[in-house]
Every structure is written in structure tokens, then in C-alpha cells.
Amino acid sequence: MTRPTRVVGEPRTADLGATVATVPGAYWNEAIETLSRAETRRLEDERLAEQIAYDYATSDFFRTTLDSARVRPDEIRRVEDLARIPFMEKRDIAESQASGDLLGVSQCARLERLVRIQATGGTTGQPMRIGLTRRDIADYGEMGAAALWAMGCRPGDVVFECMNYNLYSGGLSDHLTFETLGAATVPFGVGQSERLMSMMAGLRDPVGIWATPSYAMRLAEVARGMGLEPSSVGLRRGYFSGEAGLQVPGYRDRIEETWGMVARDQYGTGELGLHSGECDELAGVHWGGRGFAVAELIDPDTGDVLPFEDGQQGEVVYTSIRREASPLLRMRSHDLMQVFTDPCRCGRTTFRFRILGRSDEMFIVKGVNVFPLAIQASLLGLAPRLTGEFQVVLDRPPPIDFAVPISVEVASDVPASAHEPLAREVVGRLRVDVNFTAAVTLVRPGTIGGEGKTRRVIRAYREGAN
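Definitions and limits used
Within each chain, residue numbers correspond to sequence positions counted from 1 in written order. Reporting in this predicted model follows two pLDDT cut-offs: at least 70 for local features of residues, and 80 or more for side-chain atom pairs to be given and counted; totals over whole chains, interfaces and linings ignore these cut-offs and use all residues. With hydrogens and water set aside, each side-chain value is computed from the structure's full complement of heavy atoms. In this analysis an axis means a line fitted to C-alpha atoms, helices contributing only their contacting stretch, and an angle means the value between N-to-C directions, from 0 to 180 degrees. In this text, helices come from DSSP runs of H or I with a minimum length of four residues, and strands from runs of E with a minimum of two, each type numbered from the N-terminal end. Any angle that falls under 35 degrees is termed roughly parallel, while one over 145 is termed roughly antiparallel, one within 65 to 115 roughly perpendicular, and all others oblique. In this analysis, two residues are considered to be in contact whenever any of their non-hydrogen atoms come within 4.5 Å of each other. Three classes are used: nonpolar for Ala, Val, Leu, Ile, Met, Phe, Trp, Tyr, Cys and Pro, charged for Asp, Glu, Lys and Arg, and polar for all others, with Gly counted as polar. Only protein atoms enter the calculation, which uses a 1 Å grid: trapped sets of points that fit a 1.4 Å probe without letting it out are cavities, open sets showing protein on both sides within 12 Å along at least five of seven lines are pockets, and any residue with an atom within 4 Å of a point is a lining residue. Grid points are joined across faces, edges and corners, and a volume is the space filled by probe spheres set on the points. A pair of strands is treated as paired once DSSP finds two or more bridges between them. For each residue, the accessible area found with a 1.4 Å probe, counting protein chains only, is set against the maximum for its type, and the residue is called buried under 20%, exposed over 50%, and partly exposed in between. Centres within 6.5 Å make a pair out of two Phe, Tyr or Trp rings, where for Trp the six-membered ring is used; the pair is then stacked when the planes are under 30 degrees apart, edge-to-face when over 60, and tilted otherwise. Only Lys NZ and Arg CZ are tested; either one counts as a charge over a ring when it is within 6 Å of the ring centre and within 35 degrees of the ring normal. Salt bridges are identified by distance alone: a Lys or Arg side-chain nitrogen within 4 Å of an Asp or Glu carboxyl oxygen. Here the expected length of a helix is defined as 1.5 Å per residue gap, with one fewer gap than residues. Each nonpolar core is a collection of buried residues, namely Ala, Val, Leu, Ile, Met, Phe, Trp, Tyr and Cys, held together in the definition by side-chain atoms within 4.5 Å.

**As for the packing of helix 7 (residues 193–201) against helix 8 (residues 213–225)**
- Interhelical geometry of helix 7 versus helix 8 gives an angle of 80 degrees and a closest axis separation of 10 Å. By the angle class used here, helix 7 and helix 8 are roughly perpendicular. On helix 8, the residues that touch Ser-193, Glu-194, Leu-196 and Met-197 of helix 7 are Tyr-215, Leu-219, Val-222 and Ala-223.
- Split into classes, the residues belonging to the contact of helix 7 with helix 8 amount to six nonpolar, one polar and one charged.

**Some points on empty space enclosed by the protein**
- This model, assessed by the stated rule, comprises two cavities of 30 Å³ or more.
- A volume near 190 Å³ is recorded for the largest cavity.
- What lines the largest cavity is a set of 21 residues, among which Ile-32, Glu-33, Ala-146, Trp-287 and Gly-288 lie closest to the centre.
- Its residues placed into classes, the lining of the largest cavity shows nine nonpolar, eight polar and four charged.
- Estimates place the volume of the second largest cavity at around 50 Å³.
- Of the residues that constitute the lining of the second largest cavity, the class distribution is four nonpolar, no polar and four charged.

**Describing the sheet that holds strand 19 (residues 457–459)**
- Taken together, four strands build an open sheet; the order of strands is 18-17-16-19 and the sheet is mixed. This sheet does not close on itself; its edge strands, each paired only once, are strand 18 (438–443) and strand 19. For this sheet, the mean inter-axis angle between neighbouring strands, taken without regard to orientation, is 25 degrees.
- Pairing between strand 16 (residues 386–394) and strand 19: three bridges, direction parallel. From the neighbouring strand, Val-393 faces strand 19, where its bridge partner is Ile-458.
- Packed on one face of the sheet, helix 10 (residues 372–380) meets strand 16, strand 17 (404–410) and strand 19 and runs near 145 degrees to strand 16.

**A closer look at the pairing of strand 10 (residues 293–298)**
- With respect to burial, strand 10 is a largely interior element, six of its six residues being buried.
- Residue alternation in strand 10 divides its side chains into two sets, Ala-293, Ala-295 and Leu-297 and Val-294, Glu-296 and Ile-298, and both sets are buried.
- Examined bridge by bridge, strand 10 and strand 11 (residues 313–320) share six bridges and lie antiparallel to one another. Across the sheet, Ile-298 pairs through a bridge with Glu-315, a residue of strand 11.

**Regarding the layout of surface pockets**
- The computed volume of the second largest pocket comes to approximately 640 Å³.
- If you trace the second largest pocket, you find 23 residues lining it, with Arg-37, Arg-41, Glu-44, Phe-308 and Phe-351 closest to the centre.
- Each residue belonging to the lining of the second largest pocket can be placed in one class, and the counts come to twelve nonpolar, five polar and six charged.

**Regarding the packing of aromatic side chains**
- Tallied over the entire structure, the rule returns ten aromatic pairs.
- Here the aromatic rings of Phe-351 and Phe-353 are separated by 6.1 Å at their centres, their planes lie at 50 degrees, and the arrangement is tilted.
- An aromatic cluster is defined as three or more aromatic residues linked by ring pairs; in this entry it consists of Tyr-267, Trp-287, Phe-308, Tyr-318, Phe-351 and Phe-353.
- The ring of Phe-87 is capped by Arg-332, whose NZ or CZ atom sits 5.6 Å from the centre of that ring.

**Here's the deal with the sheet that holds strand 12 (residues 331–340)**
- Read across the sheet, eleven strands follow the order 4-3-5-6-7-8-9-13-12-11-10 without closing on themselves; strand pairing throughout is mixed. The open sheet has two edge strands with one neighbour each: strand 4 (184–186) and strand 10.
- Relative to strand 9 (residues 285–286), strand 8 (residues 273–278) runs antiparallel, the two being bridged by two bridges. Considered in strand 9, the bridge of Glu-278 is made with Val-285.

**As for the pattern of salt bridges**
- Under the criterion given, the structure shown has 26 salt bridges.
- Glu-315 serves as the salt-bridge partner of Arg-332, at 2.5 Å between the closest nitrogen and oxygen. Placement of Arg-332 in strand 12 and of Glu-315 in strand 11 is noted, with a sequence separation of 17 residues between them.
- Arg-332 sits in the buried class, given a relative accessible area of 12%.
- Taking the relative accessible area as the measure of exposure, Glu-315 reaches 0% and is therefore buried.
- Members of the salt-bridge network, linked through shared partners, are Arg-72, Asp-74, Glu-75 and Arg-84.

**Side note on the pairing of strand 3 (residues 158–161)**
- Bridge analysis of strand 3 against strand 4 gives three bridges, and the strand direction is parallel. Its bridge partner being in strand 4, Val-158 is matched across the sheet by Ala-184.
- The pairing of strand 3 with strand 5 (residues 207–211) spans three bridges and is parallel. Pairing of Phe-160 across the sheet is with Ile-209, part of strand 5.

**Some words on helix 8**
- Taking 1.5 Å as the rise per residue, helix 8 with 13 residues should run 18 Å; its terminal C-alpha atoms sit 19 Å apart, in good agreement.
- Taken as a whole, helix 8 has its buried residues at Pro-213, Ser-214, Tyr-215, Ala-216, Met-217, Leu-219, Ala-220, Val-222 and Ala-223.
- Within two residues after helix 8, Gly-227 carries a phi angle of roughly 80 degrees, on the positive side.

**Description of unusual backbone geometry**
- Here the residue pair Ala-383 and Pro-384 is connected by a cis peptide bond, since its omega of 5 degrees sits within 30 degrees of zero.
- Relative to the assigned elements, Pro-384 resides in the loop between helix 10 and strand 16.
- Each neighbour pair has its own omega, and for Pro-398 with Pro-399 the value is 5 degrees, a cis peptide bond.
- The backbone of Leu-167 sits at a positive phi, close to 75 degrees, despite the residue not being glycine.

**Topic: the nonpolar core**
- By size, the foremost hydrophobic cluster in this structure holds 32 residues, and its most contacted members are Leu-82, Trp-287, Tyr-318, Leu-329, Met-337 and Phe-353.
- Elements supplying a minimum of two residues to this core: helix 2 (37–58), helix 3 (60–68), strand 10, strand 11, strand 12 and strand 13 (352–358).
- No other element matches the four residues that strand 10 contributes to this core.
- When neighbours within four sequence positions are excluded, Leu-82 is seen to be in contact with Leu-48, Ile-76, Val-294, Glu-296, Thr-319, Leu-329 and Arg-330.
- Formed by 29 residues, the second largest nonpolar core is a distinct cluster that contains Val-365, Ile-406, Leu-430 and Leu-442.

Right, here's the structure in full:
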């Protein structure tokens, strides 16, 4: 049984943002998820030209950006032409909002067309407000539903949504992507972990969870503290985002073994939405922004555009091609990714990727680039004595020629007498695996991993750091 096609947004000659039949099958929207490279390029180029013209006509900021670069809107006809336009930074929006503007310089839709205002997570700075029109919300749901379908979510599933509903897009807006797909979604939010465990354990049917990976491990500690074995709770599917935990070798295995669940990874941004999820091939996360945004790869140091080819690594930059309220124009994400363009056995033709880390979370110790993902992978080698959760607090500005302070969670069953030798073992392992010297402090479980995003690197020497 199929449902009627519903066009998302304004009708087009070939509206590939439309929802197609959502019966159990391989795809949420086969028409767009299996486009050829040539078809994808035609769609992106067409929508990019329309978006640039719209941005120029409706925003003083975007008009000034193009005029200053001596670029006319009609000169941006292809994705490759974007290289002529300067980058947009999150601070451009944040600073304009700090002066009192509701949405700041990127607002392109009039206030009477806005129906929702949400915010980015603010993990590395002040959260930014993002506006959405009705069409923007529908598009957000389409991207998210396609990602969740690839991850195995289906109508009839019950999913506990355990993200922050307080402004953060990962709460309400991501919740509605599950509803777009047709899953029964429980808006639990963050906090009251024991109540969550009691509710899940009291249900006969299996359930799923939408949360950060670190919260899954935190919940396991809560369950055990209540006398529950996590695998007996009935939590059988996990949809995880907000952190790159599942990209760390061994982290997914720990979650799946602890809960007896299937864990799938998802990637999104507060500015663009929940858009990309991994399929059962586990060969990278499928890009889910096709038809809604284009992605470029750049050298994070020089800003030069890098060739988009299999295995390429670089910082991802986003440009909206179907956004009304708060479009992005070459927005730097500061997320470093590696892309894979060879065909996936699932049949989707979208490129796949894995997140390597954030350029603003990387720190340099005596000339060595250190990423949190590399630290976490090393610490997981000492499981189960360590939980894998950690936090680096840099109390002095670069150059970092000192032992890096790092707090590391130790498992609850490790006796206090074993802490000192274990800390020395951690120091030695990090020196070998990641090539830097750490000053390790062991802390109890639950001290670091929590319900929201876990900040891995805190630069306490910066004004306002916390």
C-alpha cells in the first residue's frame, strides 16, 4: 500500500524534494536517493542559481557579500562558481544577533512568513537563532526522514527522543523528522534518567532511542545503579548524533554489546538540519542534503577548494539551495571529513563520509595535531577499566609545550588502589598512540558523559570559557 505523493514546497518541473511512497523498502525517496551524478549536478546547479538570486534580492548581507566580491548573481550558474564567493562564518550571524536582531544578517524571509525559531547547540560558542518557514520545516523533515530510513527506522517503531527541547534544533525539529517518517516518538528530552529507565523497562515491546552516544553509556551506568541489566531493558535500536562517538573504533561495539541493540550514526548541523545517516553497509554516513544543500571541501588553512573525489579529506562548507528563512552561503562548518564517492551496495548514489574531527577542537602539541577522536580511540583500548569518556582542559594558550591536562572516566568497579597505576598506563598509551604527553586525572563514571553534547576540548584560557 502506498500513500499519495506530496510535493514539498513550490511546484517545479521535476520536484525531487517530493515525498514518494513510504512502504517498507530500501529508500524513503528513491527518486532523489538514486540520482546519477549528471542528474544530481543538473538539480544542484538549477536550484543554486535560484537560491543565489533569492538571497541577493532579499538580504542586504548577501547582496553586499556578492557586490564586494564583484560577482553578479547571474554569474553563479554552477556549483564550481561558488569559489568566487567569500566564506560565511557562524560569527557573522552570532555577532549580528548579539546587537538585537532576531535572526541577524542571514534573514531572508519576512517575519510574517516565519513559523518557528530554533537555535544551534552552541557547543563551541554562543547559540545562533535560526528561522524556518513552513517550507523550510517540510524540507527539514524530508532530509531527516531519508536519513532515518537509511538507519533502519520505520513506521511502527517507538523512539524515545532524548535531546534538549529547549531551543535546540535537535529537540523539537529533529523530533518532527521521526514523525515525518511515521515513527511513534516519545518527547522525553533530557534529565530524569532513572525515570526514563523505569519507563523503558516497564514496556513489553522493544523501543529505540535518539540521543548522543555518550548518553547511551551514561544510561547504562544509571540502569546498573537501579539494579537493571542494560540488555534486559528492551532498548534495541539507537539513533545517535551530536558527537562523533560511533566514528571511534570500538565505541559502537561497546554500545551494542551493552544494550543488545543496533546502533546507527547520524550527522547534522543546527544551521542545516538532521540530514545524513548511515545504512546497514556501515561504509560511511550517506549525505542526505541532496536537493537541499551543496557541500564543498576546502583546505581548512588556505580556504582552497579541494577536488571532491573518493578518499579526499577537508573541511566541509555548506550552501543552501532550497532555504527561505535563514539560508547558508558557503558557511564554514569547521568539521573535517573524508568523503567516499564509490558506489554503495545499498544502491544510494549519494556520497558517503566520516567525520575526522573539528578544526576548532584540534590542538597542537609540539607540532603534532591532536584530535579528540584519536584520544577516545586510544582510551577505548583500556576498556572496560575506562568508560572512554574524557575531557581536555587547556588552561594556558599555545604553544602547548606542557603535559596536557585530561580528565578520564574510570569504571566504577576499578578499586581506588588501582587508580594511580592506571593513570600512568593511560599516560603511556596516549604517548604511544597519539604522540603527546598528558597529565591524567581519573574521575568517577558520569562525571563527563552526560545527556547533551560532551565538550571534549575546553580552552579555559579564553575569556568566557567554561
